[in-house]
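Here is how the chains run, residue by residue.
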Amino acid sequence: LKVAHCSNFKCSTATTNVVDSGGEFQSTSITIGIDGLPVISYRDFTNRDLKVAHCGDLECGSATPHAVDSGGDVGSYTSIAVGADGLPVITTYDSTNDDLKVAHCGDLQCSTATTNVVDSGGNVGWSTSITVGTDGLPVISYYDSTNNDLKVAHCSNLTCTSATLTTLDSAGDVGADSSVTVGADGLAIISYYDYPNALKVAHCSNLACTSATINTVDNAGDIRYNSIAIGAYGLPVISYHDLTNSEIKVARCSDQECANATLTAIDSAATSGIDTSITIGADGLPVIMYYDDAVASVKVAHCDNEFCVPFARRR
């Protein structure tokens with residue numbers, strides 16, 4: 001498991017460090033703790049455990065890894081956020097029992113954690129993504145593989161010992177590669193894959209996300225590996241891979257519900273764009289990380305403007 005710390009906004013250079021080398025690792029997710037240091041959740045594929053590494057410095061030159069759940073084959077599809085209590089909270093898929101689980105860390109380093117089963121109704125918990133709502137409670141999007149649906153869990157408390165479970169979209173095979181964040185209006189918004197050829201967005205109608213407005217953003221091909229963030233102007237920005245055209249693309253929504261969007265291909269190299277992840281830099285511009293299979297490398301794209309299109313300028 002490695003971490004790259006960018007040396008500038010464009011990430012034209014970076015310092016890379018090994019965080020954990022004691023096995024084979026998958027399904028990474030990163031956030032910044034309230035101590036200002038990175039915290040990473042990931043799957044220890046060798047031991048089938050969910051692990052968390054708390055970095056000792058900004059560049060993660062040192063880190064303390066902990067196995068926070070080792071009960072069966074766990075750790076797939078991890079996603080991490082920081083709860084209202086300042087402690088990391090992590091989603092994971094328990095493939096032994098086909099359940100969605102949540103681990104709530106007992107301290108900043110996540111040396112201990114309480115784990116709870118959130119949904120056990122079928123084969124659930126694939127493609128998990130977690131954020132914290134404006135009510136201070138975790139919101140989780142995930143794929144129900146039994147019914148091929150997009151589901152959302154709104155936790156009833158910080159440790160997610162119970163939750164309101166809602167099927168948001170059941171029209172076809174939907175919900176894989178889900179990514180959730182909180183919009184400028186304080187409501188959760190989710191991007192996800194509609195098999196076999198569409199990127200969709202669900203904008204929640206309330207804090208518990210018991211209903212949502214759903215829009216298709218791109219249906220020009222086989223669309224996967226999406227990630228969503230909120231741009232500097234308060235509108236969603238989504239990175240994703242168009243497998244049909246072998247492009248990594250960015251959709252900049254024109255409204256809160258993403259009923260309309262500007263679509264831009266930012267890398268047209270063959271097979272590029274696998275496992276995209278997007279965030280907004282301190283300069284207010286989108287930064288996208290992805291794996292380029294053609295050259296077997298991690299790549300970073302730094303957008304020159306909020307639309308991620310060439311030559312756009314505001315007067």
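Relevant structure appears above.
No experiment lies behind these values; they were computed from the predicted model shown. Starting afresh in each chain, residues are numbered from 1 along the sequence in its written order. Residue-level local features of this predicted model are given only where pLDDT is at least 70; pairs of side-chain atoms are given and counted only at 80 or more, and the full residue set underlies all totals for whole chains, interfaces and linings. Hydrogens and water are ignored here; the side-chain numbers use all heavy atoms of the structure.

### Notes on the sheet that holds strand 16 (residues 188-195)
The four strands are arranged 15-16-17-18 in an open sheet whose pairing can be described as antiparallel. Since the sheet does not close on itself, it has two edges, and those belong to strand 15 (173-182) and strand 18 (212-218), each with one partner. The average undirected angle you get between the axes of adjacent strands in this sheet is 25°. Bridge analysis of strand 16 against strand 17 (residues 198-204) gives six bridges, and the strand direction is antiparallel. Each residue of the ladder has a partner; that of Ile190, found in strand 17, is Ala202. Any two strands with at least two DSSP bridges between them are considered paired. Working definition: helices are DSSP H or I runs of at least four residues, strands are E runs of at least two. Numbering for both runs from the N terminus. The axes used here are C-alpha line fits, helices contributing only the stretch in contact, and every angle between their N-to-C directions lies in the interval 0 to 180 degrees.

### What about the state of the cysteines?
Put simply, a disulfide is two cysteine sulfurs that come within 2.5 Å. With the rule as written, the count across this model stands at seven disulfides. Note on cysteine connectivity: Cys55 is disulfide-linked to Cys60, with sulfurs 1.9 Å apart. The chirality of the disulfide connecting Cys55 with Cys60 is left-handed, given an S-S dihedral of about -75°. As far as the burial class goes, Cys55 and Cys60 line up, both buried. Across a sulfur-sulfur distance of 2.0 Å, Cys105 and Cys110 are joined as a disulfide pair. In this structure the cystine formed by Cys105 and Cys110 twists about its S-S bond by roughly -75°; its chirality is therefore left-handed. With a relative accessible area of 0%, Cys110 lands in the buried category. Relative accessibility thresholds used throughout: buried, under 20% of the residue-type maximum; exposed, over 50%; partly exposed, between the two (1.4 Å probe, protein chains only).

### Comments concerning the environment of Gly231
Here Gly231 lies in the loop between strand 19 (223-230) and strand 20 (236-242). Taking relative accessible area as the criterion, Gly231 reaches 15% and is therefore assigned buried. Taking C-alpha positions, Gly231 is 21 Å from Gly33, a pair spaced 198 residues apart along the chain.

### Description of the packing of aromatic side chains
The pairing test for Phe, Tyr and Trp rings, Trp by its six-membered ring, is centres within 6.5 Å, and the orientation test on the planes gives stacked under 30 degrees, edge-to-face over 60, and tilted for anything in between. With the rule as written, the count across this model stands at six aromatic pairs. Between Tyr193 and Tyr195, the aromatic rings sit 6.1 Å apart at their centres with planes inclined by 90°, giving edge-to-face as the arrangement. Taken together, the ring pairs in this structure connect Tyr77, Tyr93, Trp126 and Tyr143 into an aromatic cluster. Placement of a positive charge over a ring is assigned whenever Lys NZ or Arg CZ falls within 6 Å of the ring centre and within 35 degrees of the normal to the ring plane. Note that Arg48 overlies the ring of Phe45, its terminal NZ or CZ placed 4.1 Å from the centroid. Over the aromatic face of Phe307 sits the side chain of Arg252, whose NZ or CZ is 4.2 Å from the ring centroid.

### Section: the pairing of strand 15
For strand 15, the buried fraction is high: eight of the 10 residues fall into the buried class. Direction of pairing for strand 15 relative to strand 16: antiparallel, over a ladder of seven bridges. By the bridge assignment, Val174 is partnered in strand 16 with Asp194.

### Overview of the layout of surface pockets
Grid points spaced at 1 Å over the protein atoms alone were grouped into cavities, where a 1.4 Å probe fits but cannot get out, and pockets, open sets with protein on both sides within 12 Å along at least five of seven lines, with lining residues defined by an atom within 4 Å of a point. Grid points are joined across faces, edges and corners, and a volume is the space filled by probe spheres set on the points. Taken as a whole, the second largest pocket encloses approximately 150 Å³ of empty space. Looking at the second largest pocket, it is lined by 12 residues, and the ones nearest its centre are Ile266, Asp304, Cys308, Val309 and Pro310. Listing elements by their share of the lining of the second largest pocket, those giving two or more residues are strand 22 (261-267) and strand 25 (297-302). Here the lining of the second largest pocket takes three residues from strand 22, the largest share from any one element. Polar here means any residue other than Ala, Val, Leu, Ile, Met, Phe, Trp, Tyr, Cys and Pro, which are nonpolar, and Asp, Glu, Lys and Arg, which are charged; Gly is therefore polar. Classifying every residue of the lining of the second largest pocket gives eight nonpolar, three polar and one charged.

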